[in-house]
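# Descriptive analysis of the structure
Here's the letter readout for the chains.
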Amino acid sequence: MFTGTNTRLRDSEHIVVRALRSVVVVIIVSHGLFCDFMLWLSPHRAQQLIDRVLARVDGAPITLTDVQAALGLGLIRVPAGSDPVVAGTQQMIDRQLELVEVQRFPLPSPMRASVTREIARLTMNAGARLPALMQSTGLSEQRINDIARDNLRIAGYLDQRFGTAVQVSDEEVAAYYRTHEPEFTRGADVVPFEEVEPAARQRVSDERRRATVDQWIRDLRGRADVSINPPLTINQ
């Protein structure tokens, strides 16, 4: 009799323990969703309490305020019609991958004058919105300085790895001109190829270099541990 009673008691204890565990999990999950909801509902106030992690690159987090600060400083630019957070997150992932490579092959520190010019460019992009941007995202003057320095380090690394220009043939330049004639006009007239050949050559070179860099970044993504959290959605 006592054996049967003890067994029922143990079974009841196990049921209670499982139930308590379920309650704890629901509370934790609900709390996380509540925090995300508060962030979605009132970004400026909620950011004082919690920041939403949008992605991780080899464990390094990319947060909502990181993306908001980058957009505000003109560090990244989102194509028209794109979701700024979604597109901005992708660009910040690429930037983090580039920074990891820069740290693997460090270059000499940028000149202070260059850093100062880059800081001025970033703050000019933000314009009169800079104080509000700093308050809402936690940006500090030191952080802006670090971002400017990282920009120059990335640019220097890319120049060293891929060169400042890509050699293109005369045929490629002529083909580019023929397929982009509307871009080479003066008033209503198309400018002769001979007059715009240097500009056309530069554009072809820039596009080729960009394509090479883009492929390199795709290769970096393939080797890195990149995870992207699903966007926050609120059911109406």
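Structure: above.
### Here we look at the packing of helix α4 (residues 84-104) against helix α9 (residues 193-223)
- Two elements in contact, α4 and α9, have axes separated by 10 Å at closest approach and are oriented at 85°. Relative to α9, α4 is oriented roughly perpendicular. Across the interface between the two elements, Gln90, Ile93, Asp94, Leu97, Glu98 and Glu101 from α4 touch Trp216, Ile217, Leu220 and Arg221 from α9.
- Its residues placed into classes, the contact of α4 with α9 shows five nonpolar, one polar and four charged.

### Description of unusual backbone geometry
- Positive phi values are uncommon outside glycine, yet Asp58 reaches one of about 50°.
- Within the element layout of this structure, Asp58 appears in the loop between β1 (53-57) and β2 (60-63).

### Some thoughts on the pattern of salt bridges
- Scanning all chains against the criterion turns up eleven salt bridges.
- Salt-bridge contacts for Arg186 lead to Glu195; the nearest nitrogen and oxygen are separated by 3.0 Å.
- By sharing partners, the salt bridges in this structure join Asp170, Glu197 and Arg201 into a single network.

### What to know about the environment of Trp216
- Of note, Trp216 is situated in helix α9.
- The sequence separation of Trp216 and Glu98 amounts to 118 residues, and the corresponding C-alpha distance is 9.6 Å.
- In this structure Trp216 touches Glu98, Glu101, Tyr157, Leu158, Arg161 and Phe162, once residues within four positions along its chain are discounted.

### Remarks on the nonpolar core
- Ile62, Leu73, Leu97, Leu139, Ile144, Leu158 and Trp216 are the most contacted members of the largest nonpolar core, which totals 35 residues.
- Looking at this core, the element that brings in the most residues is helix α7 (residues 141-162), giving seven residues.
- If you look at the next biggest cluster of nonpolar residues, it comprises nine residues, including Val168, Val173, Phe184 and Ala200.

### What about the environment of Asp94?
- Among the secondary structure elements, Asp94 is positioned in helix α4.
- On the basis of relative accessibility, which here comes to 22%, the residue Asp94 falls in the partly exposed class.
- In the structure, Asp94 is positioned 37 residues away from Val57 in sequence and 9.3 Å away in space, judged by C-alpha atoms.
- Ignoring anything within four residues of it in the chain, the contact list for Asp94 reads Ile217 and Arg221.

### Description of the sheet that holds β1
- Reading across the sheet, the three strands line up as β2-β1-β5 and stay open at both edges, with antiparallel pairing between neighbours. Lying at the two open borders of the sheet, with one neighbouring strand each, are β2 and β5 (226-228). Here the strands of the sheet are splayed against their neighbours by 20° on average, with no regard to which way each runs.
- Note that β1 and β5 share three bridges and pair antiparallel. Its bridge partner being in β5, Arg56 is matched across the sheet by Ser227.
- Sitting on the sheet, α4 is in contact with β1, β2 and β5, with an inclination near 25° to β1.

The rules we used
- Residues numbered from 1 in each chain as written.
- Predicted model: local features only at pLDDT ≥ 70, side-chain atom pairs only at ≥ 80, totals over all residues.
- Heavy atoms only, no water.
- Axes fitted to C-alpha atoms, helices over the stretch in contact; angles between N-to-C directions.
- Helix = DSSP H or I, 4+ residues; strand = E, 2+ residues; numbered from the N terminus.
- Parallel < 35°, antiparallel > 145°, perpendicular 65-115°, else oblique.
- Contact = heavy atoms within 4.5 Å.
- Nonpolar A, V, L, I, M, F, W, Y, C, P; charged D, E, K, R; others polar.
- Salt bridge = Lys/Arg side-chain N within 4 Å of Asp/Glu carboxyl O.
- Core = buried A, V, L, I, M, F, W, Y, C linked by side-chain atoms within 4.5 Å.
- Buried < 20%, exposed > 50% of the residue type's maximum accessible area, 1.4 Å probe, protein only.
- Pairing = 2+ DSSP bridges.

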